[in-house]
Amino acid sequence: MSGFSFDLVERVPERRRERKETFQHLVGTAGPYGEVSLKITNYPREATLVGDGLPDAAISNPLGASGYITIDEYTQLTVGGVTARLSRNRFALRSEDRGINIELGSRRYTYLCGPTGREELHDSERGPVVREGSLRSGAARTMVVLPEADATDLALALIMQGADTSVLTVGGVVFSSVVSFLNGSRRYM
């Protein structure tokens, strides 16, 4: 399949109660995979992805403040019913080493801040498969799907849009290390 790009736009819930429960709701048309919906809720603390041609995916963490899902040892990530293992080097300084390592069945990925300063999903064998693109007018996010990507790759990249990826930057690493030290824990992987 050839590569393509698409926009995710924010959908504001109509009902007041749903607006209170929802942190962010992104929708878009992912090329040949059809309509996708990524909903990040405050109660419970999770992001869920539903798409016509994509496997269902979810990321959750019972701890943390409202907003994007914190990546730590309590985070649970599933794609297509397969639970992933997440890890990262908390003290890495190089951008390649700061990435979030994801083991999803037999697949190995790294989610990192790429050379262009945008987030990318790298497969250990195929290289980059999905990356954030330049924002277009009216879009909350623009996704670029490279020709090597399949439905699982795209679902994983989309569900990571619901995660707190501030740890991919040097400032995020310093902040999470200080918070971890002050809390006397290893909570921030």
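See the structure shown above.
Because the structure is predicted, anything quoted here is derived from the model rather than measured. (Residues numbered from 1 in each chain as written. Predicted model: local features only at pLDDT ≥ 70, side-chain atom pairs only at ≥ 80, totals over all residues. Heavy atoms only, no water.)

Trainee: Give a description of the pattern of salt bridges that names residues and reports values.
Mentor: Under the counting rule described, the total for this entry stands at 10 salt bridges. Where Arg 136 meets Asp 7, a salt bridge forms, and the shortest distance between an N and an O atom there is 3.0 Å. One end of the pair, Arg 136, is in the loop between β11 (127–132) and β12 (141–145); the other, Asp 7, is in strand β1 (residues 4–10), with 129 residues separating them in the sequence. On the basis of relative accessibility, which here comes to 24%, the residue Asp 7 falls in the partly exposed class. The partner of Asp 153 in a salt bridge is Arg 107, with the nearest N and O atoms 3.0 Å apart. On the criterion of sequence distance, the pair formed by Asp 153 in helix α2 (residues 151–159) and Arg 107 in strand β9 (residues 107–113) is long-range, its members being 46 residues apart. The class of Arg 107 is partly exposed, set by a relative accessible area of 24%. Sharing partners across several salt bridges, the network here consists of Arg 107, Asp 123, Arg 126, Asp 150 and Asp 153. (Salt bridge = Lys/Arg side-chain N within 4 Å of Asp/Glu carboxyl O. Helix = DSSP H or I, 4+ residues; strand = E, 2+ residues; numbered from the N terminus. Buried < 20%, exposed > 50% of the residue type's maximum accessible area, 1.4 Å probe, protein only.)

Trainee: Any details on the side chain of His 25? Residues and values, ideally.
Mentor: Among the secondary structure elements, His 25 is positioned in strand β2 (residues 22–29). Assessed through its relative accessible area of 11%, His 25 is described here as buried. Look past the residues within four positions of His 25 in its chain and what remains in contact with it is Val 9, Glu 10, Arg 11, Ser 37, Leu 38 and Lys 39. (Contact = heavy atoms within 4.5 Å.)

Trainee: So what's going on with the pairing of β11? Which residues, and what values?
Mentor: The sheet contact formed by strand β10 (residues 119–123) and β11 spans four bridges and is antiparallel. Its bridge partner lying in β11, Leu 121 is registered against Val 130. In this antiparallel pair of consecutive strands, β10 and β11, the connection spans three residues. Of the strand pairs in this sheet, β11 and β12 are connected by three bridges, and their pairing is antiparallel. Directly across from Arg 131, in β12, lies its bridge partner Val 144. (Pairing = 2+ DSSP bridges.)

Trainee: Tell me what's going on with the nonpolar core, and back it up with residues and numbers.
Mentor: Phe 6, Ile 102 and Leu 154 are the most contacted members of the largest nonpolar core, which totals 43 residues. The biggest single contributor to this core is α2, with seven residues. When sequence neighbours within four positions are dropped, the list of residues in contact with Phe 6 reads Thr 29, Ala 30, Val 36, Arg 136, Arg 141, Thr 142, Met 143, Val 145, Leu 154 and Leu 158. (Core = buried A, V, L, I, M, F, W, Y, C linked by side-chain atoms within 4.5 Å.)

Trainee: Explain the sheet that holds strand β4 (residues 46–51) to me, using residue names and the numbers behind them.
Mentor: Taken together, the 12 strands give a closed barrel; going around it, the order is β1-β2-β3-β4-β5-β6-β7-β8-β9-β10-β11-β12, and neighbouring strands pair in antiparallel fashion. The mean angle between the axes of side-by-side strands here comes to 20°, regardless of whether they run parallel or antiparallel. (Axes fitted to C-alpha atoms, helices over the stretch in contact; angles between N-to-C directions.)

Trainee: Hey, could you go over the packing of aromatic side chains for me, with residue numbers and the actual values?
Mentor: Tallying each qualifying case throughout the model produces three aromatic pairs. For the pair Phe 23 and Tyr 68, a centre-to-centre distance of 5.0 Å together with 80° between the ring planes defines the contact as edge-to-face. A residue pair is termed long-range when its members are at least 10 positions apart, and Phe 23 in strand β2 and Tyr 68 in the loop between β5 (57–60) and β6 (76–79) qualify at 45 residues. (Phe/Tyr/Trp six-rings, centres within 6.5 Å; stacked < 30°, edge-to-face > 60°.)

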